[in-house]
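Read off the chains here:
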Amino acid sequence: MIIGSLNQKGGAGKSTTAVHLAHRFQLKQGKSVHLVDLDPQGTSSFWLQASDLGIEHTFLAADSDVVLEQLPAVAETADVVVVDGPAGLSDATRAVLLLADMALIPVQPSGADVRSAVDAVRLVQQARRIRGGLPDARLFISRATRGTKLLQEARSVLMQLEGIPLLDTAITQRQIVADAFGQATSVLNAKTGPGLEAGNEFNRLFSEVFPNG
């Protein structure tokens, strides 16, 4: 299974989502997991290289030919491949959508980010026309502040986008999640306090998408 964490806007939580999703599969199902980093900033690669999470990872150039040639080869080596997509809706993003089984699209609750989600949905729909319905896809709100008007407005707009459901769970903006990269860890390892709350939130989100894992 190939799962893409994709978004054209920087700072939406794409890499954070990719790392925590890979860790979730490793913890919950004991599956072999491989993260492929297509983001030129290499955030998830640096994160995993510095951590003791034990998740295999590969950095690939954000080039459509590289993706189409090398991603299937990586997929043969693991049960689950999580792709941290490149910034922007590039040809490399289109290539991921031509191979992925699932696309997760994090969206910050701001006007610019919500508008950009429309373009991501359009790319998913293009891939579906080519592939006869694939990939499956979900939108979710990331880096949210609870109880704000922005969150309510973002949810209202995203729910109206056709063809890609909006997940009920939103990922709350938390310092401990932001710190996870610097500490080279995952909040899914936390046992108490804010870390546990953040980990539970990610688990609820992923359970909506993968109820059996």
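Scroll up for the structure.
Overview of the structure. No experiment lies behind these values; they were computed from the predicted model shown.

So, the packing of aromatic side chains
Then comes step 1: Per the counting criterion, the structure on display carries three aromatic pairs.
Then comes step 2: Between F25 and F210, the ring centres sit 5.2 Å apart and the planes meet at 65 degrees, which makes this aromatic pair edge-to-face. Separated by 185 residues along the polypeptide, F25 in helix α1 (residues 14-29) and F210 in the segment after α8 (193-209) bring together distant segments of the chain. An identical accessibility class is assigned to F25 and F210; each is buried.
Then comes step 3: Each ring, one from W47 and one from F181, has its centre 5.8 Å from the other, and the planes form 80 degrees; the classification is edge-to-face. Within this pair, whereas W47 is found in helix α2 (residues 43-50), its partner F181 is found in helix α7 (residues 175-182), the two being separated by 134 residues in sequence.
Then comes step 4: Given a relative accessible area of 1%, W47 falls into the buried group.

Some details on unusual backbone geometry
Then comes step 1: P135 follows L134 through a cis peptide bond whose omega is 5 degrees.
Then comes step 2: Note on placement: P135 falls in the loop between α5 (111-131) and β6 (136-141).
Then comes step 3: Of note, the phi angle at R143 is positive, near 55 degrees, even though the residue is not glycine.
Then comes step 4: Inspection of the secondary structure assignment puts R143 in the loop between β6 and α6 (149-158).
Then comes step 5: Under the relative-accessibility criterion, R143 is labelled partly exposed at 34%.
Then comes step 6: Although it is not a glycine, A184 sits at a positive phi angle of roughly 55 degrees.
Then comes step 7: Looking at the secondary structure, you find A184 in the loop between α7 and α8.

Regarding a nonpolar patch on the surface
Then comes step 1: Taken together, L68, L98 and I130 make up a surface patch of nonpolar side chains, about 270 Å² in accessible area.
Then comes step 2: Tracing the backbone through its elements, the reader meets L98 in the loop between α4 (91-97) and β5 (102-107).
Then comes step 3: According to the relative accessible area criterion, L98 is partly exposed, its value standing at 33%.

What to know about the nonpolar core
Then comes step 1: With 38 residues, the main nonpolar core has V36, V81, V83, L139, I141 and L158 as its most contacted residues.
Then comes step 2: If sequence neighbours within four positions are ignored, L139 has contacts with I105, V107, A117, V121, L158, L161, I164, P165, L166 and L167.
Then comes step 3: Counting residues in each nonpolar core, the second largest holds 29 residues, with V33, L53, V80 and L104 among its members.

So, the pattern of salt bridges
Then comes step 1: Counted by the stated rule, this structure contains nine salt bridges.
Then comes step 2: Across the salt bridge formed by R146 and E201, the nearest N and O atoms sit 3.2 Å from each other. Taken together, the residues span a long stretch of sequence, with R146 in the loop between β6 and α6 and E201 in helix α8 at a distance of 55 residues.
Then comes step 3: Of the residues examined, R146 reaches a relative accessible area of 60% and is grouped as exposed.
Then comes step 4: Assessed through its relative accessible area of 3%, E201 is described here as buried.
Then comes step 5: A salt bridge links E201 to R174; the shortest N-O distance between them is 3.3 Å.

Cut-offs applied
Counting restarts for each chain, with residues numbered from 1 along the sequence as it is written. Since the coordinates come from a predicted model, pLDDT governs what is reported: local features require at least 70, and pairs of side-chain atoms require 80 or more to be given and counted, while whole-chain, interface and lining totals use all residues. Excluding hydrogens and water, the side-chain values take into account all heavy atoms of the structure. The rule is short: rings of Phe, Tyr and Trp, with Trp giving its six-membered ring, pair when the centres are within 6.5 Å, and they are stacked under 30 degrees, edge-to-face over 60, tilted in between. Numbering goes from the N terminus for both helices and strands, where a helix is a DSSP run of H or I of at least four residues and a strand is a run of E of at least two. Throughout this description, buried means an accessible area under 20% of the type-specific maximum (1.4 Å probe, protein chains only), exposed means over 50%, and partly exposed covers the range between. In this analysis, a patch consists of residues with relative accessible area above 30% that form no salt bridge, clustered at 9 Å for like charges and at 5 Å for the nonpolar side chains Val, Leu, Ile, Met, Phe, Trp and Tyr. Surface accessibility in these figures is a Shrake-Rupley result with a 1.4 Å probe; residues are shielded only by whichever protein chains are displayed. One side-chain nitrogen of Lys or Arg within 4 Å of one carboxyl oxygen of Asp or Glu is enough to make a salt bridge. For our purposes a nonpolar core is just a set of buried Ala, Val, Leu, Ile, Met, Phe, Trp, Tyr and Cys residues, chained together by side-chain atoms within 4.5 Å. In what follows, residue pairs with any heavy atoms lying within 4.5 Å of each other are defined as contacts.

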